[in-house]
Amino acid sequence: MKRKKRHADRLSTLPDEMLQHILSHLRSQEAVQTSLLSHRWRDVYAGVPVVDLLDPKSGRNKQEQLVCFDQQVTGAILCKSPGTPISTFRLNAFSPPRDLLDQWILIAVSSGVEEIDVKLRYLHCSKRRLCPFGSSNKASADFDQHEQKSYVKTQHHLFGCPTLRCLRLANWTLDLPPGGVAMSATLDTLCLARIMDPKDQLQQLLSSCPHLTHLTLQECLSLTDITVTSARLKTFAMICCHHARRVELSSHRLQLLQYKGGLLPHNSLFKLADHAGAVALKIEICQDLSDQESREFSPATELIKGCTKLAHLHLSFHPSVARCGIFFTYALPCLQHLRQLGLQCWFRDGTDVWAVAALLGDTENLEVLSLFLLGPETPKEVDTWYWSDRESDTEPEDGGGDGVDYSSQVTDGFWPTHIRCLDDKLRRINIRNYRGLQLEKILAKFLLSKAAALEEFSVTLTAGRSQNKSKIAKELRSWRLNHHTGVTVNRC
């Protein structure tokens, strides 16, 4: 009887440098736990050039104080083996001691850090969005009175680090050195979220970053009139900076522009050095557009039309794709290079479903369609580097879940006459937050039964529909015109 061969531990045979690279993608606490695996792994974590820790405390439970996050951070820094730099310093911290926070960042800067990502949280600070268009009666684009002067000031040595390539800060008070700022020529990524700026120093900071490639400004209330002079800027995102009046981007290399806020003003919010050069555009209007006149949409449509080389477009409509989407159909025929279209919307009746098809009728070269369906169960946004402070806004009931039979509205003459991209261009369709409601089924059936060249049709179910995964997949496959189309149904 042959003995079964013992499987070799091939992972442990890798060199330390490769193992440390693998561990650098874990949080520091998880990387340290690998020292318990075997003698081989005992000291590997000490050579990982990353400090990445999340403080679990919220300040609402006294027992949380047993978790000494301050010691965890200090230990993660001091446990590094001699000669190991801290290339990445990433913290999500709840009210850390200011003297310790200053020491941590100073050590990272002295070590030659390349990425600093520090998000702070405070006990008495509001978690609402800084947006005047929320459903709450407290909706406002300004900080609450009790929050004024409560955020930690930025340390001056942050702005003199010669090795820094990426700086991400959330929930700080901007405080620049009195003698001016000399940002590193290597800094190419700057992301600021919920930054208090009592001295109006934001423009000074941006002007001191001559080689910025990626810039994100979120809920920065001091942003009114700014100029970004970096000639290398490729991506610019402005999210809920509701006091902004004028943004000038001098770069001729701009590729991606993202805007989230109210309707664009008629005096043109953005002044772009190379309007036509942008290849990706994302516009999310968080303002209720129910009572807006058609002329109020013209600044947004003109922005879209000016990006003549646009390949990727994402639009978010509030409250109805039928009410808002029709105004964007005038811009889409100008976009001959458009290949990917994303729509964030919800369906309240048959006209919303028709409006999606009408938008497709003006995108003859479209290859990828992504739908993000909203409703009472709005999908959560991925928590990236910034402090996500969404209100729990309630959306109207949608999708045919109100007991009304919409099938009688959908006849042969209901749909637009001809949608060219469905003939031979559209290759992939993605639908998120799919619940299998009647209006959603009507649109899914129409797309599957008309898209002759479709290669992939993918839906992601809401949490409450996961048990019907097999049934929904079978139904979707039965509607295919092209039986080679792959249909996948994913759980939320």
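Residues numbered from 1 in each chain as written. Predicted model: local features only at pLDDT ≥ 70, side-chain atom pairs only at ≥ 80, totals over all residues. Heavy atoms only, no water.

Peer 1: Describe the nonpolar core, and please don't skip the residues or the numbers.
Peer 2: In terms of nonpolar packing, the biggest core is built from 131 residues, with Phe 89, Phe 236, Phe 270 and Leu 476 touching the most fellow members. Per element, the largest residue contribution to this core is seven residues, and it comes from helix 10 (residues 438-450). Those residues in contact with Phe 89 that sit more than four places away from it in its chain are Val 51, Ile 77, Trp 104, Ile 105, Ala 108, Val 113, Glu 115, Ile 116, Asp 117 and Val 118. Counting seven residues, the second largest nonpolar core, distinct from the first, contains Leu 23, Ala 31, Val 44 and Val 50. (Core = buried A, V, L, I, M, F, W, Y, C linked by side-chain atoms within 4.5 Å. Buried < 20%, exposed > 50% of the residue type's maximum accessible area, 1.4 Å probe, protein only. Helix = DSSP H or I, 4+ residues; strand = E, 2+ residues; numbered from the N terminus. Contact = heavy atoms within 4.5 Å.)

Peer 1: Before we move on, could you go through the sheet that holds strand 7 (residues 225-228) and cite the residues and values that matter?
Peer 2: Spatial ordering of the open sheet is given by 7-9-11, a layout of three strands whose pairing is parallel. Each end of this open sheet is capped by a strand with a single partner; those strands are strand 7 and strand 11 (270-272). Shown here is a sheet whose adjacent strand axes are inclined to one another by a mean of 10°, direction ignored. Two elements, strand 9 (residues 246-249) and strand 11, share three bridges in a ladder whose sense is parallel. Residue pairing for strand 11: Leu 249 is matched across the bridge by Leu 272. (Pairing = 2+ DSSP bridges. Axes fitted to C-alpha atoms, helices over the stretch in contact; angles between N-to-C directions.)

Peer 1: An account of helix 11 (residues 469-478) is needed here, citing residue identities and associated values.
Peer 2: When we look at burial in helix 11, the residues that qualify are Ile 472, Ala 473 and Leu 476. Looking straight down helix 11, one finds its buried side chains confined to an arc of 100°; they lie on one side. Seen from the buried face of helix 11, the exposed residues on the opposite side, beyond 90 degrees, are Ser 470, Lys 471, Lys 474 and Ser 478. In this fold, the buried residues of helix 11 make contact with strand 16 (428-434), helix 10, strand 17 (456-461) and strand 18 (486-490). (Arc of directions from axis to C-beta.)

Peer 1: Help me get a handle on unusual backbone geometry, residues and values and all.
Peer 2: The phi dihedral of Asn 171 falls on the positive side, at around 65°, and the residue is not glycine. Here Asn 171 is to be found in strand 4 (residues 166-173). Even without a glycine there, the phi angle at Glu 219 is positive, about 50°. Secondary-structure assignment places Glu 219 in the loop between strand 6 (214-218) and strand 7. For Glu 219, a relative accessible area of 4% corresponds to the buried category.

Peer 1: Go over the environment of Ser 208 with me, naming the residues and quoting the values.
Peer 2: In this fold, Ser 208 is placed in the loop between helix 5 (202-207) and strand 6. Given a relative accessible area of 13%, Ser 208 falls into the buried group. Residues Ser 208 and Phe 159 lie 49 residues apart in sequence; the distance between their C-alpha atoms is 9.5 Å. One polar contact links the side chain of Ser 208 to the main-chain carbonyl oxygen of Leu 205, over a distance of 2.7 Å. (Polar contact = N/O pair within 3.5 Å; in protein donor to acceptor, adjacent residues only side chain to side chain.)

Peer 1: Lay out the pairing of strand 2 (residues 88-94) in plain terms, naming residues and giving numbers.
Peer 2: Along strand 2, six of the seven residues are buried, which leaves the element largely enclosed by surrounding structure. Pairing of strand 1 (residues 50-54) with strand 2, which is carried by five bridges, proceeds in the parallel orientation. From the neighbouring strand, Asp 52 faces strand 2, where its bridge partner is Arg 90. As paired elements, strand 2 and strand 3 (residues 115-121) share seven bridges and run parallel to each other. Pairing of Phe 89 across the sheet is with Ile 116, part of strand 3. Crossover strand 2 to strand 3 through helix 4 (residues 98-110) is right-handed. (Right-handed = clockwise from strand over helix to strand, strands pointing away.)

Peer 1: Which residues make up the packing of helix 3 (residues 69-78) against helix 4, and what are the values?
Peer 2: Put simply, helix 3 and helix 4 touch, their axes get as near as 11 Å, and they point 20° apart. Here helix 3 lies roughly parallel to helix 4, going by the angle between them. Crossing of helix 3 against helix 4: the hand is left-handed. Residues Asp 70, Val 73, Thr 74 and Ile 77 of helix 3 pack against Leu 100, Trp 104 and Ile 107 of helix 4. Of the residues that constitute the contact of helix 3 with helix 4, the class distribution is five nonpolar, one polar and one charged. (Parallel < 35°, antiparallel > 145°, perpendicular 65-115°, else oblique. Left-handed = near helix turned anticlockwise from the far one by under 90°. Nonpolar A, V, L, I, M, F, W, Y, C, P; charged D, E, K, R; others polar.)

Peer 1: With reference to specific residues and values, describe the packing of helix 8 (residues 350-360) against helix 10.
Peer 2: For the pair helix 8 and helix 10, the least separation of the axes is 9 Å and the interaxial angle reads 25°. Judged by the angle between their axes, helix 8 and helix 10 are roughly parallel. Here the hand of the crossing between helix 8 and helix 10 comes out right-handed. Along the contact surface, helix 8 presents Gly 350, Val 353, Val 356, Ala 357 and Leu 360, while helix 10 presents Leu 439, Ile 442, Leu 443, Phe 446 and Leu 447. Split by residue class, the contact of helix 8 with helix 10 holds nine nonpolar, one polar and no charged.

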